[in-house]
Structures are given as structure tokens and as C-alpha cells.
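Spelled out, the chains give:
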Amino acid sequence: MSIKQITRNVLLNPGPATTTDTVKFAQVIPDICPREKEFGDLMEYCATEITRFVGDPKDYATVFFGGSGTATVEAILSSVIPENGKILIIDNGAYGKRMCQITSAYKIDTLVFKSSSIEPIDLKNLEDAIRNEEGLTHLAMIHHETTTGLLNDISAIGELCATYKIQFIVDSMSGFAAIPVDMKSMNIDYLAASSNKNIQGMAGIGFAICSKTALEKTKEIAPRTLYLNLYAQYAYFEKTHQTRFTPPVQTFYALKQAILETMEESIEKRYERYSQSWETLLNGLEGLGLKYLIDKEYHSKIITSIIEPDTEKYDFNEMHDFFFEKGFTIYPGKVSNYDTFRISNIGQIDKRDIEAFLSVLETYLGKIDYR
Ligand SMILES: *Cc1c(COP(=O)(O)O)cnc(C)c1O
């Protein structure tokens, strides 16, 4: 077998992230039918260990879907709200908005709670909204709004959910496996994440980590979707150790390797590494006279929205290409009322990569006569 040398690209987009070569090569395996026991055991291992990152596998279960992260968010939202249920969705960025689009597509009774995309959620206003709305059964929100880098206080909102006895759904796509989560103490019933962000695996698998008690109660809800039905996917896997439909086989082998590497580093240490990269980034930006959107206090330390240089010569696509040639992938902004680009510091990179990025950024800013 010959293995060619793989170029290392530094991905500064918010996932898929830079992976280790061991994760990349874990995908190269003898062909296997996913209904074989070996593969069932592999999925079982991945499910149990993913659960263990955020809860006790006795009380929580991980349900896999082939698809990107959004498929899993859609699976949860379309599957857990009963016909006479009503959900409050917190919208403080593009991903919160996407949740609203999903419940709208399924005609699920939804109350949208709009909140600033750059400032923390006003808990008092939120509590008023919950108290004033009759029949609320669920609340859904984003953990880390990847749109901006704003970290939402899911603990505080989990407490509200417990007080008002509503089920709590969290999209922690860009928080999971870096920012510590404890589903039990945070009162989270369903948590969505995917294989290609902080867990540092390949793209193609989404997962819903579910409270078994909550999930069991969804059994009677008439399915709104076949493929994305959460309970059906869960029950079939419990019974057969298989997925109902063809899973992304090789991606699962990479996911297992990524899980092992996450366990080896530990989530706490991973977040420390990410945080160091982020601090290096912020210091560098300040040195270059660039401003960022989110206050340090409310920042995820995972993605930074940077205000674009205010000069005619600046062009995001040109800047992208300039970086891309040098092995760095940067990302456009997504907040409507601010002109930003984004730099994420997830994946198998560290502060030395950020230092290298900053030095290229300095060269680029010189080219466009910025300051
Ligand atoms: C990445 C991400 C998703 C999922 O995006 P996909 O492109 O479907 O993988 C969902 N929510 C948040 C907060 C994300 O960061």
C-alpha cells in the first residue's frame, strides 16, 4: 500500500476543521458492509463515548444521522414536539434563525424570541416571554452562535426550562467537544452536534444526544418525517445495532479515531489549546488595528468576527485567495448589519498557526495600504 504525503492546510473556517493525519488515514479500511457486527460495534462505541463527553450513558443516548449538522437539528425539531406542543426558539444569529425555518417548514407552533446578535440574552425578558406564553412545551437555542462567536448562557436558560417545566433543546454544533457541557446539571434534553467541528473528525455524521426519558416519551408522536425521525432511528439502532439507512461508513472510522484523540487530549485541554490560539489572535488583531465584534466577556474563544478594513482596496475574495495560496482558508462574515470576516481557531491547529496567519495578514494589510 502506498500512502502519499498529505498537504497540511490550516482551515480557519468554522468546520470542517483541520484534522490529524491519523484521523484522515483511519478512513482507509477494507470494504465492509455496514450491517456487519464489526461496524455495529464501531457505531456503538462511538455513540457511548460521545454520550460520555456530556452525560451518563445510562440516562442519555446518542442517535446518529448521515448528513450535515443541520440534518440532526432538523431531526430533533421535527420529532420531539407533540402535535399540540409549542416551542420557543431563541434567535440571535443565523443558526437560531435556521431553527425557526425548520419549525416553519414542519408547521410547528413556534414563538420566536429575538435577541441581539452581539449582546447576551436578556434573561428577564426571556423569562417574561416564557411566563406570558401559554402552552409552551419546548425551548430551543444555540449554544455557541457561530455567526458571531457569541457564547450563550445555556446553564441559566436550562434553569428557566426546569422552573417552567419545558424541554430544552440545544444546538451545540460549534461548542461540543471544546466547551464543556453537562446535560444533566444544565437540564438539557436534546443536544445536537456533528463530526466535523471540535471533535475534529470528517464531515458527514450528525448526532443528537438525548435524555432517554424524554426520547421514550416521543414514541407516540406521529412522524412528520421518515428519514429524520429521531425515535425510529434510536429504536432501530437499539434493536439491531444498525442504522435504518446506509451510514457514511468510512466517516465513522475517522470519527472513532477522532474520539480517541479527543479523549487523549481531554475536552478541558482542547479548550485551553483553542483559547490560547484565540488569545494570540486577539492580541495580533489589536496590534494590527483591527476590531472584532463580540466582547471578550461573552466570547466563545472559538470563532472571531472581525470588522473588515475600511478601505476601498479591501476585497474579501481577494484576501481569501491571497491566504488560500499560502495554505490558510479564511471565512466570510454572516451578520447582516456588520461587515465582517471570520476566523475560527478550531481543529488540529495551535497558536503557532495563528501567529503564521497573523504575519500573512500583516502582509495583506500592507498591500491594501491599511493604516
Ligand atoms: C455548523 C453549525 C451547524 C450545522 O451546519 P451544517 O452545515 O449543516 O453542518 C448548525 N448549527 C451551528 C451553531 C453550527 O455552527
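Residues numbered from 1 in each chain as written. Predicted model: local features only at pLDDT ≥ 70, side-chain atom pairs only at ≥ 80, totals over all residues. Heavy atoms only, no water.

1. Structural notes on the side chain of S79
With respect to the helices, strands and loops of the structure, S79 is situated in helix α3 (residues 69–79). Taking relative accessible area as the criterion, S79 reaches 5% and is therefore assigned buried. A polar contact of 2.6 Å, which involves the side chain of S79, links it to the backbone oxygen of A75. Beyond its immediate chain neighbours, meaning those up to four positions away, S79 contacts T218, I221, L228, N229 and L230. (Helix = DSSP H or I, 4+ residues; strand = E, 2+ residues; numbered from the N terminus. Buried < 20%, exposed > 50% of the residue type's maximum accessible area, 1.4 Å probe, protein only. Polar contact = N/O pair within 3.5 Å; in protein donor to acceptor, adjacent residues only side chain to side chain. Contact = heavy atoms within 4.5 Å.)

2. Some words on the environment of E265
Structurally, the position occupied by E265 is in helix α9 (residues 249–265). Considering only alpha carbons, one finds E265 and T48, 217 residues apart in sequence, at a separation of 18 Å. Of the polar contacts made by the side chain of E265, one reaches the side chain of R270; its length is 2.9 Å.

3. Let's talk about the site of the ligand
Lining the immediate surroundings of the ligand are S68, G69, T70, Y95, R98, I142, H144, T146, D171, M173, S174 and K197. Between T146 and the ligand, the recorded distance is 2.4 Å, taken from a side-chain N or O atom to an oxygen atom. Note that a nitrogen atom of the ligand is positioned 2.6 Å from one of the side-chain N or O atoms of D171. Burial of the ligand by the surrounding chains reaches 85%, relative to a free accessible area of 390 Å². Where the shell around the ligand is concerned, the elements lending two or more residues are α3 and α4 (94–105). (Near = heavy atom within 4 Å. Areas by Shrake-Rupley, 256 points an atom, 1.4 Å probe, with all protein chains shown as cover.)

4. Topic: the packing of helix α5 (residues 123–132) against helix α6 (residues 154–163)
Direction vectors running N to C along α5 and α6 enclose 25°, while the axes themselves pass 11 Å from each other. Considering their axes alone, α5 and α6 lie roughly parallel with respect to each other. Classified by chirality, the crossing of α6 by α5 is right-handed. Taken together, the residues of α6 that come into contact with α5 (itself represented by L123, L126, E127 and I130) are A156, I157 and L160. Taken together, the residues of the contact of α5 with α6 sort by class into 6 nonpolar, no polar and 1 charged. (Axes fitted to C-alpha atoms, helices over the stretch in contact; angles between N-to-C directions. Parallel < 35°, antiparallel > 145°, perpendicular 65-115°, else oblique. Left-handed = near helix turned anticlockwise from the far one by under 90°. Nonpolar A, V, L, I, M, F, W, Y, C, P; charged D, E, K, R; others polar.)

Taken by themselves, the reported measurements are silent on function.
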